[in-house]
Amino acid sequence: MNEMQRSKRLVEFKKSVTNKFNIYNSLFLSLPYANMENVGILVPLLFEQCAKGLAEGKKPQDILESFFLHFADLKDEKARIDFMFWIIQYVERQVVLFDSVEDSAFPKLQKYAGSLTITDYFELVNQSKNWDKINKKLSTFSARIVLTAHPTQFYTPAVLDIIAELRSLIDENRVDDIDTTLQQLGLTSLINTKKPTPLDEAKNIIYILRNTYYDAIGDLFQYVKSNIRNKDFDNYDIIKLGFWPGGDRDGNPFVTEGITRKVADELRVTLMKCYYNELKALRKKLTFKKLQDPLNALNESLYRAMFQKNYYLTYPEIIGRLTEIRQILITEYYSLYLDELNRLIDKVHIFKTHFATLDVRQDHSKHYLVVESILKKEGIVKDSLEELSQSKLVSALLKTEFSLDPNDFEEDIVKDTITNISQLKRIQKTNGEQGCNRYIISNSEDIFSVLFVFALFRWCGWKTDEITFDIIPLFETMKGMEAAESVMQTLFDTKIYRAHLSRRNDVHTIMLGFSDGTKDGGYLKANWSILKTKETLSKVCKKNGVKAIFFDGRGGPPARGGGKTHRFYASQTKDVANHEIQMTVQGQTITSTYGTKEQFIHNAEQLLTAGLSNNLFGKEFTISAKQRKLIEELSELSFDKYEALKQHDKFIPYLEHRSTLKYYSQANIGSRPGKRGNKKQLTLSDLRAISFVGSWSQLKQNVPGYFGLGTAINQLREEGRLDEVKKLYKEVPFFRALMHNSMMSLAKTNFDLTSYMNEDPEFGEFWNILHQEYQLSEKMLLQISGYKILMEDEAISRESVKIRENIVLPLLVIQQNALYHITQNSAYKSLYEKIVTRSLYGNINASRNSA
């Protein structure tokens, strides 16, 4: 993006976002909601006192004490607590308002964006006369966006409706209606009164599928089809949707076989509703006599499929009837409204009868337990799998035939696993094979992660040569990534499994984890290890005649592998297989990055152009041996610093006693527990990456997103090698993308908030370790980039982050104050704990990719 575009975009942001937000925010703050008329008026004053107080190094409790005495005239502790709850509610709604204003401005800001659209790519192809190449690539390339239900998404459909309504009212500047809708927002509860079930989570996301993605993907397909020079373009898989809520049971005991079945039904039935509504609108145009019988028949069938769970239509049936209608329209009625009919037909080709592919995921340790129970019952082992050599265990998994009855086992996990794998056939029958044909194994570190699942399918009613499932190992720890090459080669050398792959079109999907990798190895080492693992696995797959497809667990924020997605994929090296982009999108990233039709189309388009740019315009990146050596060196230095932090005896106690960690599980955000297992003593490996990263985010310390980088770069600077790192930043897009993501983490950091911990007798030294690394990392990243401030070339993102951080500052000070009062054994301890839990929501949503 050139300087002129950048400044135009910033002017547009200030006009369409900053100014509009300030106008509507002043309107919002003047609305009376609480018993105290002046609460809204006091919000800006409280922000001012918080910002000033923190800059002067004051403690959150002292800032609030002064505010209560001099501005709010509140002396009673209970009255102060009530006031803080009201402030939290105001701040939460300010975040919703800012989201709506920013979403409304999105199309205007895109006019000045530097990112290339598919149309721009086609224009480049036009100039280079490269149409054959792009046709070939686009006819097979695809991006799979997999929606997960990790506990950071908590807006209910009612609130999403208000956001959508505000967005359209802001577009039209309808001030009176905005006033009314803001009042509605003030009176609507933003949080779940009870913990959502996995089915609730699924329904919340299916709501977005129905109201946004159904049309957005249809429109994107038409957009590509109308721009490409190929009238027969039929890559209906160009954008695919995956779905984890209801299928992902890793660490979530509430996801049972019954939930999986209900979610599969919900996906199919919702899709039938989409088809029914589109057909209903089309029938108002297709009023011709010979079309009435076939239209009525399809209409009735879709209606039945919407309301009778046991009645289902197959993809060939729906397409067959639409093709018949299309034929009559062409031969009898001059192809009138054919384009509209074709659009519906294309959508049926895209979504078939599944809408989104429901993935099943479980942790390897659970499969170990299930297989062990089965082999004990069958008399193959007495007590443990350890009794068998590797070859004997492989033989038992691949050659023995059992017919299992879940009722023969006592443990719930064994019963549920057997019942679930057995019922997946039924889901494929009702939703089509694509409805559910991927089984992902977390914490994969050896061949058994895959072979246990392969055996379980064989023992649960699936014939060996009829397993219509891709078994996907998820290598998410440093150990798993190091073992990945030999694991995959051993699997390819296993004849029965290799024959299964042949039946799956010689394609193997491999998932690489980011969140747990970052938690395990630190930011740079985890991401560098993932890139190297991808290159290695690309080679091993190619050597064995298998097409590798990588599935990235990309989280929301950089600390969990997220960050700027287009930049990440466009910077992959030429040695990484590039047939398809697959990534998870989770938490509030679903609504913030893919929440509106315009955003979805833009960001899905960016995924496609990132994948295409690596192939079409000579932009294939390589990293030389010398550059690799330098990244390796930086990666090890930063890892050593991060590892030393993890080994510090205050690391876990600090999170337990000075952060919001334990309050994550008390918030009714997601259905999944905050940690794996139920051990009394908390360990890092048990911690969910989400609550781990989220806790650092609430503290405004964002440690996993940068910790160790400052020390690593500084070490090279002291050796007189800073120019080497500057050169690396300039010449290697992959390294630059990682550094930019770390800058984003640093920009969202505010150590002033916790500066009072500097004097903490127990945690003061630990806090100073964190603070010094933050300062060093900022200093070093500015030096290697040549920037004067963080995110210097991303003015819009920087402004957005600044406004959001300002909105939630009072909330964060209130949260820190509450954590302090909890340690003082206040008489109102339980209310202060509620304040901490309640304050998580606004901060998570304000960050948009905080957890």
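Being a predicted model, the structure only gives us computed values, none of them experimental.

### Thoughts on the pairing of strand 5 (residues 438-442)
Item 1. Summarising burial for strand 5: 5 of the 5 residues are buried, a large majority.
Item 2. Burial of the side chains of strand 5 extends over both faces: Arg438, Ile440 and Ser442 are buried on one face and Tyr439 and Ile441 on the other.
Item 3. Where strand 4 (residues 360-363) meets strand 5, 4 bridges bridge the pair, whose relative direction is parallel. By the bridge assignment for strand 5, Val360 is matched with Tyr439.
Item 4. Pairing geometry for strand 5 and strand 6 (residues 470-475), over 4 bridges, is parallel. Of the residues in strand 6, the one forming a bridge with Tyr439 is Ile471.
Item 5. Chirality of the crossover, the property in question, places the unit of strand 5, helix 17 (residues 448-459) and strand 6 among those that are right-handed.

### Here's the deal with helix 8 (residues 175-187)
Item 1. Over its 13 residues, helix 8 runs 19 Å from end to end, which matches the ideal 18 Å to within 8%, given 1.5 Å per residue.
Item 2. Every buried residue of helix 8 is accounted for by Ile178, Thr181, Leu182, Leu185 and Gly186. End-on view of helix 8: buried residues confined to an arc of 150°, all on one side of the axis. The exposed residues of helix 8 that point more than 90 degrees off its buried face are Asp176 and Leu187.
Item 3. Elements that come into contact with the buried residues of helix 8 comprise helix 1 (3-29), helix 4 (77-110) and helix 7 (157-171).

### With respect to the environment of Gly432
Item 1. Within the fold, Gly432 resides in the loop between helix 16 (412-431) and strand 5.
Item 2. Along the primary structure Gly432 and Leu630 are separated by 198 residues, whereas in three dimensions their C-alpha atoms are 49 Å apart.
Item 3. In this structure, Gly432 is in contact with Thr353 and Ile427, ignoring residues within four places of it in sequence.

### Quick look at the pattern of salt bridges
Item 1. Applying the stated criterion across every chain yields a total of 48 salt bridges.
Item 2. For Arg174, the salt bridge is made with Asp177, and the minimal N-O distance between the two is 2.9 Å.
Item 3. Using a relative accessible area of 37% as the deciding quantity, one classes Arg174 as partly exposed.
Item 4. Relative accessible area serves as the criterion here: at 33%, Asp177 is assigned to the partly exposed category.
Item 5. The partner of Lys347 in a salt bridge is Glu278, with the nearest N and O atoms 3.1 Å apart. Here Lys347, found in helix 13 (residues 338-351), pairs with Glu278, found in helix 10 (residues 257-283); they are 69 residues apart in sequence, far enough to count as distant.

Procedures and definitions
Position labels on residues start from 1 in each chain and follow its written sequence. This being a predicted model, a pLDDT of at least 70 is required before a residue's local features are given, and a value of 80 or more before pairs of side-chain atoms are given or counted; all residues contribute to the totals for chains, interfaces and linings. Side-chain numbers come from the whole structure's heavy atoms, not from hydrogens or water. Buried means the residue's accessible area, taken with a 1.4 Å probe over protein chains only, is under 20% of the maximum for its type, while exposed means over 50%, and partly exposed covers the values in between. The numbering of helices and of strands both runs from the N terminus, where a helix is a DSSP run of H or I of at least 4 residues and a strand a run of E of at least 2. Strand pairing requires that DSSP identify at least two bridges connecting the strands. Here a crossover is taken to be right-handed if, once the strands point away from the viewer, the path from the first strand over the helix to the second is traced clockwise. A helix's residues, less one, multiplied by 1.5 Å, set its expected span. To obtain the arc, one takes the directions from the helix axis to the C-beta atoms. Whether two residues touch is decided by their heavy atoms; if any such pair falls within 4.5 Å, the residues are in contact. Here a salt bridge means any side-chain nitrogen of Lys or Arg lying within 4 Å of a carboxyl oxygen belonging to Asp or Glu.

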